[in-house]
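Fold and contact review
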Amino acid sequence: EVFSLAVLFQELSAKYGPQAKERDLSLVLPDKIHDCPPALGDPDRIEQVLIILIDNAIKFTPAGGRIELQVDWNDSQIRVHVRDTGIGIAPSDIKSVFDRFYKVDKAHQQPGTGLGLSIARELLQLMGQSISVSSKEGQGTVFTFTLSRGDH
Ligand code: ATP
Ligand code: MG
């Protein structure tokens, strides 16, 4: 279905902004949010993907940090970015983070089963979309996924 990313982002900000603030993190929405073209896909599934990414960003970003949702687009697709100023992911781990049950913290001290990102990737693949990650240890991480435009 065709839906507004601006509305979805605002709902997520209302839901997760307070949770982020509790941990002294700011959750920042895209500034050009209202220029963003409508998206095409299953909004519930896309919300689920965003929740997985925001949950991780909150979990892996020390207090005082920033979590930013960004969006850009071209004629054929929209890209959504979830960027954080957190602990980052080492080059040796980055290839594995989408694997089921993979956690960088091998001792599994952190909460979570290591399933979030594998589910996010699977949901996006079912919609014909892709997700990628780029990170610098100690500086932060950005997850980027694609969406179809709903206006052509
Ligand atoms: P679950 O999502 O099942 O509760 P999880 O968060 O550990 O558990 P994933 O969401 O699949 O599992 O993430 C896998 C691993 O990738 C995490 O355990 C963490 O080591 C790393 N990771 C994911 N997102 C980030 C991030 N934003 N910054 C740093 N590391 C991350
Ligand atoms: Mg997770």
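Before reading further, recall that the structure is shown in the block above.
Everything in this summary refers to the structure shown in the same document. (Residues numbered from 1 in each chain as written. Chains lettered and ligands numbered in written order. Predicted model: local features only at pLDDT ≥ 70, side-chain atom pairs only at ≥ 80, totals over all residues. Heavy atoms only, no water.)

Description of the packing of helix α2 (residues 43-59) against helix α4 (residues 116-126)
To describe two helices that pack against each other, one gives the angle between their axes and the distance between the axes. In plain terms, the rule: Angles shown run from 0 to 180 degrees and are taken between the N-to-C directions of axes, each axis being a line fitted to C-alpha atoms and, for helices, limited to the stretch in contact. What counts as a helix is a DSSP run of H or I of at least four residues, what counts as a strand is a run of E of at least two, and both are numbered from the N terminus. Angles are sorted into four bins: roughly parallel if under 35 degrees, roughly antiparallel if over 145, roughly perpendicular if 65 to 115, and oblique for all others. Two helices that cross are described as forming a left-handed crossing if the nearer one is turned anticlockwise from the farther one by less than a right angle, and a right-handed crossing if clockwise. We call two residues in contact when some of their heavy atoms are within 4.5 Å. We call Asp, Glu, Lys and Arg charged. Ala, Val, Leu, Ile, Met, Phe, Trp, Tyr, Cys and Pro are nonpolar, and the rest, Gly among them, are polar.
The geometry of α2 relative to α4 is characterised by a closest axis approach of 9 Å and an angle of 155 degrees between their N-to-C directions. It follows that α2 is roughly antiparallel to α4 by the angle criterion. At the point where α2 passes α4, the crossing takes the left-handed sense. On the side of α2, the interface is formed by Arg 45, Gln 48, Val 49, Ile 52, Leu 53 and Asn 56, while α4 contributes Gly 116, Leu 117, Ile 119, Ala 120, Leu 123 and Leu 124. A per-class count over the contact of α2 with α4 returns eight nonpolar, three polar and one charged.

Side note on the pairing of strand β5 (residues 77-84)
Selection criterion: Note: two strands are recorded as paired if DSSP finds a minimum of 2 bridges between them.
Alignment of strand β4 (residues 66-73) against β5, held across seven bridges, turns out to be antiparallel. For Val 71, the partnering residue across the bridge sits in β5 and is Val 80. Hairpin geometry of β4 and β5 is characterised by an intervening segment of three residues between the two adjacent antiparallel strands. Bridge count between β5 and strand β7 (residues 140-149): eight bridges; the pairing is antiparallel. In the strand pairing of β7, His 81 is matched with Thr 144.

A word on the packing of helix α1 (residues 5-22) against α2
Running from N to C, α1 and α2 point in directions that differ by 30 degrees, and their axes come no closer than 11 Å. With respect to each other, α1 and α2 are oriented roughly parallel. Handedness of the α1/α2 crossing: right-handed. Of the residues in α2, those touching α1 at Leu 8, Phe 9, Leu 12, Lys 15, Tyr 16, Gln 19 and Ala 20 are Pro 43, Ile 46, Glu 47, Leu 50, Ile 51, Ile 54 and Ile 58.

Observations regarding the pairing of β4
In terms of strand pairing, strand β2 (residues 26-28) meets β4 through three bridges, oriented parallel. What sits directly across from Leu 27, in β4, is Ile 67.

Describing the pattern of salt bridges
The following threshold applies: What counts as a salt bridge is simple: a side-chain nitrogen of Lys or Arg found within 4 Å of a carboxyl oxygen of Asp or Glu. When a residue's accessible area, from a 1.4 Å probe over protein chains only, is under 20% of the maximum for its type it is buried; when over 50% it is exposed; and in between it is partly exposed.
Applying the stated rule across the entire model yields five salt bridges. A salt bridge links Glu 47 to Lys 15, with the nearest nitrogen and oxygen atoms 2.9 Å apart. You can see Glu 47 sitting in helix α2 and its partner Lys 15 sitting in helix α1, a full 32 residues away along the chain. Of the residues examined, Glu 47 reaches a relative accessible area of 15% and is grouped as buried.

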